[in-house]
Amino acid sequence: MGRLFVAAVLLFVAGCSGGSDAVPGGSKIDTLLAKAPVYTGQVTPGSAVDRIKKRGKLLIGGSQDAPLLSQLDPISGELTGFDAYLGKLLAQYIVGKPSTELLSATSETREPLLANGTVDVILQTYTITPAREERVSFAGPYYESGQAIAVRKGTSGIAKPADLAGKTVIVGANTPGVKAVRDAAPTAKIVEFGSDPECVTALKQSRGDAYVQDQAILVADASKDSELQLVGEPFTEDPYGIGIKHGDAEFTKFVNDWLREIGKSGLWQDVWKQTIGTVVTGDAPAPPAIAS
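The structure presented is a predicted model; accordingly, all values stated were derived computationally and were not measured.

**Notes on the overall build of the protein chain**
Thinking step 1. Scanning the protein chain from N- to C-terminus turns up 11 helices and 13 strands.
Thinking step 2. Computed over its C-alpha atoms, the radius of gyration of the protein chain comes to 19 Å, within 12% of the 19 Å expected for a compact globule of 292 residues.
Thinking step 3. With respect to the three principal axes, the spread of C-alpha positions in the protein chain is 60 × 45 × 35 Å.
Thinking step 4. Out of the 292 residues in the protein chain, the part that is buried amounts to 53%.
Thinking step 5. A sequence separation of at least 24 residues applies to 70% of the contacts in the protein chain between residues at least 6 apart.
Thinking step 6. With the model as given, the accessible surface of the protein chain reaches about 12,700 Å², and the carbon-plus-sulfur share is 51%.
Thinking step 7. Each charge sign in the protein chain was given a centre, from 28 positive and 33 negative side chains, and these centres are 2 Å apart.

**Quick notes on the sheet that holds strand 4 (residues 79–80)**
Thinking step 1. Reading across from one edge, 2-3-4 is the order of the three strands in this open sheet, with antiparallel pairing throughout. Each edge of the open sheet carries a strand with a single partner, namely strand 2 (65–66) and strand 4.
Thinking step 2. Across two bridges, the pairing between strand 2 and strand 3 (residues 70–72) is antiparallel. Directly across from A66, in strand 3, lies its bridge partner S70.

Definitions and cut-offs
Residues numbered from 1 in each chain as written. Predicted model: local features only at pLDDT ≥ 70, side-chain atom pairs only at ≥ 80, totals over all residues. Heavy atoms only, no water. Helix = DSSP H or I, 4+ residues; strand = E, 2+ residues; numbered from the N terminus. Rg over C-alpha atoms; globule rule 2.2 N^0.38 Å. Buried < 20%, exposed > 50% of the residue type's maximum accessible area, 1.4 Å probe, protein only. Contact = heavy atoms within 4.5 Å. Areas by Shrake-Rupley, 256 points an atom, 1.4 Å probe, with all protein chains shown as cover. Lys, Arg positive; Asp, Glu negative; His and termini not counted. Charge placed at Lys NZ, Arg CZ, Asp CG, Glu CD. Pairing = 2+ DSSP bridges.

Here it is as structure tokens:
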């Protein structure tokens, strides 16, 4: 999926425009919710699902500044995007209504938010890695991405990962981009920032020669900022997972079962079409296989 996506990304960054927000018969999320399942099975007393149902809303750690993924619409006041809509659909599945509350999370605060029970899930382009799996349980993967390179428009001399050698490279703190750059270009100087907007600002201020981040995040950035340019193809494969408190096997299985259900029904593809698919040509890809 990643390779197909980046080809479309490069077409988009070269000049394709985004699709229309209009959806016959209602808003995007209303159209999706009309097809969304609701769980009717037994719930274990005291479980995560039980707590969420009794609370009446799903607490999500995430972002509100990532176009196409999770962005606050200044007009409607609603979160829009692939991750945001999945969060609404998961709430609908558990609670029977799309009631969510977003708590801002960064790459450094995601794990503490889960560990102390401040949030129920993290839905924030959260790449599954062996190191993270020692501290977080993951449902999914629900999306496949990869590390890619962005530069200031007009930058020359950087076309592939090896070209990062000897350069100053911006990455998100505690993200897979750190290891990806070290592996691809050991002599690169890595500069870390806590959030994607900080990284983009630093790149535009020439505090680094390039910015390495998940492909999906970079295309979202490029969709709203003409000063950014994506170069080359993704050079890693990064599966996104839904972060869950470490060791909660029951809730992890519950969310995995839900992901399988929306994948089989075509609802996952509908979410993709209403978000990422508005700037990517072609049919929706198949959702990634859910881990056992």
